[in-house]
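Overview (structure and organization)
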Amino acid sequence: MKKTLFLTWALIIGLFILGTSCVLNPEIGYNPSEFKFEATEGGSNPGDQILQVWNSGQGTLNWSVDNDATWLTLEPVSGISTGEEDKKDVTLSVDITGLSPGDYNATIAISDPEATNTPQRVNVSLTIASEAFPTIAYTPSSFNFYAKEGSSNPE
């Protein structure tokens with residue numbers, strides 16, 4: 001009986017250890033680690049930028065992205081990656097409509113509930129400069145006209 005009980009427990013423990021060593025955990029990989037956008041008040045929106053997301057671990061990464069700013073759009077907002085050779089592009093677009101000159105910040109969260117390092121956070125900054133007014137230049141800096149009373153206007 002003792003030998004059977006011992007072998008049963010050894011088999012259960014062996015299967016448990018074997019089972020836990022076979023778990024394939026994804027890990028979130030991404031690049032770059034931050035984004036900076038610049039625009040001028042009354043001007044056009046800054047150009048789009050790309051965030052790459054991939055699985056730097058094992059198994060399959062079922063990622064999603066979200067952000068905390070109304071002026072920042074992400075597309076697509078989810079995807080699947082099976083490894084480092086399977087990088088997915090997320091396009092970041094900024095809309096400055098209605099924003100005043102100043103500095104704005106946002107955070108992108110990259111998540112997968114199964115990933116060992118979820119969530120990952122990416123900082124995004126936006127600087128909107130005041131509208132630049134044109135400078136009028138002229139030369140010479142002064143004019144002198146001489147005329148004699150009763151004569152025609154000078155040319």
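What this report covers is the structure whose coordinates are included nearby. (Residues numbered from 1 in each chain as written. Predicted model: local features only at pLDDT ≥ 70, side-chain atom pairs only at ≥ 80, totals over all residues. Heavy atoms only, no water.)

Within the chain, the regular secondary structure consists of 1 helix and 9 strands. In the chain, which comprises 155 residues, the proportion classed as buried is 25%. Looking at the chain as shown, the accessible area adds up to about 11000 Å², and 54% of this sits on carbon and sulfur atoms. (Helix = DSSP H or I, 4+ residues; strand = E, 2+ residues; numbered from the N terminus. Buried < 20%, exposed > 50% of the residue type's maximum accessible area, 1.4 Å probe, protein only. Areas by Shrake-Rupley, 256 points an atom, 1.4 Å probe, with all protein chains shown as cover.)

Right, let's talk about the pattern of salt bridges for a bit. Within the structure shown, the criterion is met by 1 salt bridge. Of the charged contacts, one joins Asp86 and Lys88 as a salt bridge, the two residues approaching to 2.9 Å between their closest N and O atoms. Note on Asp86: relative accessible area 18%, which makes it buried. You can call Lys88 partly exposed: its relative accessible area is 30%. (Salt bridge = Lys/Arg side-chain N within 4 Å of Asp/Glu carboxyl O.)

By size, the foremost hydrophobic cluster in this structure holds 25 residues, and its most contacted members are Leu51, Trp71, Leu72, Leu92, Ile108, Ile110 and Val124. Of all the secondary-structure elements, those providing two or more residues to this core are strand E2 (34-40), strand E3 (49-55), strand E4 (61-67), strand E5 (72-75), strand E7 (88-94), strand E8 (102-111) and strand E9 (120-129). With residues up to four places along the chain from it excluded, the contact list for Ile110 reads Ile28, Tyr30, Leu51, Val53, Trp63, Ser64, Val65, Thr118, Pro119, Gln120 and Val122. (Core = buried A, V, L, I, M, F, W, Y, C linked by side-chain atoms within 4.5 Å. Contact = heavy atoms within 4.5 Å.)

Residue Asn31 is joined to Pro32 through a cis peptide bond whose omega torsion reads -5°. Checked against the element boundaries, Pro32 lands in the loop between strand E1 (28-31) and E2.

Let us now look at the side chain of Asn117. With respect to the element layout, Asn117 can be found in the loop between E8 and E9. At 2.8 Å, the side chain of Asn117 and the backbone nitrogen of Ile28 are in polar contact. Beyond its immediate sequence surroundings of up to four residues, Asn117 is in contact with Glu27 and Ile28. (Polar contact = N/O pair within 3.5 Å; in protein donor to acceptor, adjacent residues only side chain to side chain.)

Turning next to the environment of Asp89. Looking at where Asp89 falls in the secondary structure, it is placed in strand E7. With a relative accessible area of 42%, Asp89 lands in the partly exposed category. With residues near it in sequence (within four places) discarded, Asp89 still touches Ile50, Leu51, Gln52, Glu75 and Pro76. A polar contact is formed between the side chain of Asp89 and the side chain of Gln52, at a distance of 3.2 Å.

Moving on, we get to the pairing of E8. The pairing of E4 with E8 spans 4 bridges and is antiparallel. Counterpart to Ser64 in the pairing with E8 is Ser111. Relative to E9, E8 runs antiparallel, the two being bridged by 9 bridges. The partner of Asn105 across the bridge, within E9, is Ser125. (Pairing = 2+ DSSP bridges.)

Reading across the sheet, the 4 strands line up as E1-E3-E7-E5 and stay open at both edges, with antiparallel pairing between neighbours. On the outer flanks of this sheet lie E1 and E5, each paired with one strand and no other. Each neighbouring strand pair of the sheet contributes to a mean axis angle of 25°, computed without reference to strand direction. Bridge analysis of E3 against E7 gives 5 bridges, and the strand direction is antiparallel. Within the sheet, the bridge partner assigned to Gln49 lies in E7 and is Leu92. (Axes fitted to C-alpha atoms, helices over the stretch in contact; angles between N-to-C directions.)

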